[in-house]
Amino acid sequence: MSFGGSGAMGVPQSPHTNSQLSNPYLHIFGNKVFTLQNLPESTQILNSIDFPSSNQMEGGGVVSTEKQSTDSTTTSSYTYWVREVKQDAAPLPVPRKLTAEDVSAGSGSCTHLGSAWNKAGTWEEKNLNKWATERIKELLLSVGSLEFSSGNAKIAEVSRCTGDAFLVTVRNKKRVGYTYEITLKVKGEWLIGEEKKTFKGNLDLAEFSYGELDDLQVEVRLNEDKDLLLQDKQRILQDMKSFLKPIREKLLEFETELKQR
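What you see is a predicted model; the values in this text were computed from it and never measured. (Residues numbered from 1 in each chain as written. Predicted model: local features only at pLDDT ≥ 70, side-chain atom pairs only at ≥ 80, totals over all residues. Heavy atoms only, no water.)

Asks: Would you mind going over a negative patch on the surface with me for this structure?
Replies: On the surface, Glu207, Glu212, Asp214 and Asp215 cluster together into a patch of negative charge. Position of Asp214 relative to the elements: it lies in the loop between strand E12 (195-209) and strand E13 (218-222). (Patch = residues over 30% accessible without salt bridge, like charges linked within 9 Å, V, L, I, M, F, W, Y side chains within 5 Å. Areas by Shrake-Rupley, 256 points an atom, 1.4 Å probe, with all protein chains shown as cover. Salt bridge = Lys/Arg side-chain N within 4 Å of Asp/Glu carboxyl O. Lys, Arg positive; Asp, Glu negative; His and termini not counted. Charge placed at Lys NZ, Arg CZ, Asp CG, Glu CD. Helix = DSSP H or I, 4+ residues; strand = E, 2+ residues; numbered from the N terminus.)

Asks: How should the side chain of Arg135 be read in this particular structure?
Replies: For Arg135, the position within the fold is in helix H3 (residues 129-141). There is a polar contact of 2.8 Å between the side chain of Arg135 and the side chain of Glu138. Dropping the residues within four chain positions of it, Arg135 is found in contact with Glu253, Phe254 and Glu257. (Polar contact = N/O pair within 3.5 Å; in protein donor to acceptor, adjacent residues only side chain to side chain. Contact = heavy atoms within 4.5 Å.)

Asks: What is the right way to read the pattern of salt bridges from this model?
Replies: Side chains that carry opposite charge are capable of pairing whenever their charged atoms lie near each other. For the structure on display, the rule yields six salt bridges. Note that Lys185 and Glu157 form a salt bridge whose closest N and O atoms lie 4.0 Å from each other. Within this pair, whereas Lys185 is found in strand E11 (residues 173-192), its partner Glu157 is found in strand E10 (residues 151-170), the two being separated by 28 residues in sequence. Close ionic contact of Arg235 with Asp232 constitutes a salt bridge, the shortest N to O distance being 2.9 Å. Here Asp232 and Arg235 lie together in helix H4 (residues 230-240), a separation of three residues that amounts to about one turn.

Asks: Explain the environment of Val158 here, please?
Replies: Note that Val158 resides in strand E10. Taking the C-alpha atoms as reference points, Val158 and Leu141, 17 residues apart in sequence, are found 7.4 Å from one another. Ignoring sequence-local partners within four residues, the contact set of Val158 consists of Lys137, Leu140, Leu141, Ile182, Thr183 and Leu184.

Asks: Sorry, what's going on with the packing of H3 against helix H5 (residues 244-259) here?
Replies: If you want to describe how two helices pack, look at the angle between their axes and the distance between the axes. Two elements in contact, H3 and H5, have axes separated by 9 Å at closest approach and are oriented at 145°. Seen along the crossing, H3 lies across H5 with a hand that is right-handed. For the pair H3 and H5, the contacting residues are Trp131, Ala132, Arg135, Ile136, Leu139 and Leu140 in the first and Ile247, Lys250, Leu251, Glu253, Phe254, Glu257 and Leu258 in the second. Considering only residue class, the contact of H3 with H5 consists of nine nonpolar, no polar and four charged. (Axes fitted to C-alpha atoms, helices over the stretch in contact; angles between N-to-C directions. Left-handed = near helix turned anticlockwise from the far one by under 90°. Nonpolar A, V, L, I, M, F, W, Y, C, P; charged D, E, K, R; others polar.)

Asks: Sorry if this is basic, but what is going on with the packing of aromatic side chains here?
Replies: Remark: the centre distance and the inter-plane angle together describe each pair of aromatic rings, the angle taken between the planes. Evaluated as defined, the whole model comprises seven aromatic pairs. Both rings, one in Trp131 and one in Phe254, keep their centres 5.6 Å apart while their planes meet at 25°; by these two values the pair is stacked. Placement of Trp131 in helix H3 and of Phe254 in helix H5 is noted, with a sequence separation of 123 residues between them. Residue class for Trp131 comes out partly exposed when judged on its relative accessible area of 22%. Centre to centre, the rings of Tyr178 and Phe208 are 6.0 Å apart; their planes meet at 75°, and the pair counts as edge-to-face. With a gap of 30 residues between them, Tyr178 in strand E11 and Phe208 in strand E12 connect regions that are remote in the sequence. For the pair Tyr178 and Phe208, a shared accessibility class is recorded, and that class is buried. Three or more aromatic residues joined by ring pairs form one cluster here, namely Trp131, Tyr178, Tyr180, Phe208, Tyr210 and Phe254. (Phe/Tyr/Trp six-rings, centres within 6.5 Å; stacked < 30°, edge-to-face > 60°. Buried < 20%, exposed > 50% of the residue type's maximum accessible area, 1.4 Å probe, protein only.)

Asks: Explanation requested: H3 in the structure shown.
Replies: Over its 13 residues, H3 extends 18 Å from the first C-alpha to the last, a length consistent with the 18 Å expected when each residue adds 1.5 Å. Taken as a whole, H3 has its buried residues at Asn129, Ala132, Thr133, Arg135, Ile136, Leu139 and Leu140. Tucked into the core, H3 has its buried residues touching strand E8 (124-127), E10, E11 and H5. (Expected span 1.5 Å × (residues − 1).)

Asks: What am I meant to see in the side chain of Thr183 here?
Replies: Tracing the chain through its elements places Thr183 in strand E11. Taking the relative accessible area as the measure of exposure, Thr183 reaches 7% and is therefore buried. Separated by 3.1 Å, the side chains of Thr183 and Asp204 make a polar contact. In this structure, Thr183 is in contact with Glu157, Val158, Ser159, Arg160, Asn202, Leu203, Asp204 and Arg221, ignoring residues within four places of it in sequence.

Below is the structure:
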């Protein structure tokens, strides 16, 4: 069946021909809907339905009511919300205006990390390669010269410094990391016999990562060692390995700065 017409609820139209029914079959009185008794049984959908009144609705809880039809066995029901205030119920909360202290305390309890666009704290990775490479070179060149029993040497150049450094923010927590390979050029003077000679060499630091500096190893190579006796060569190589300790200290300083970014 179809409903149509003007007004708030519309006028329902009968599915029967004019010879069977010429008048609408639903009547509304107050908050009840009644069907015409002369309608065929198949069209008598509802005898009466109670709609919730304004007094019933204003409370707030859920109430379900049922009515039995006088002319059929069909049961109709509806549910609406009412609120029943009991004497032992807890009092309703009273709104309170926030003070300046409340606002400052709330804002200080949760510090947002990461970019301004990432308010949700999802995965965010920041590339720090440029800063990290320049800072590592700076720190290693600041090692200075080392004095040995028969000579001295210094780091003259960072010839290779390749790797990656990054800062990851996830769930409002910060994590840092890096992986690098470094080659340093060393220049120094050693007393060979009764004569001071200049030697150049390389310090190769194999790939190392964040938190692995305790296992850092260095490989030393001399550029010119043809005229050296074996014991002199071993002495120079051993002296050059002494750079490992200050190099590790400088890289630990780099890790500390990386964590503070």
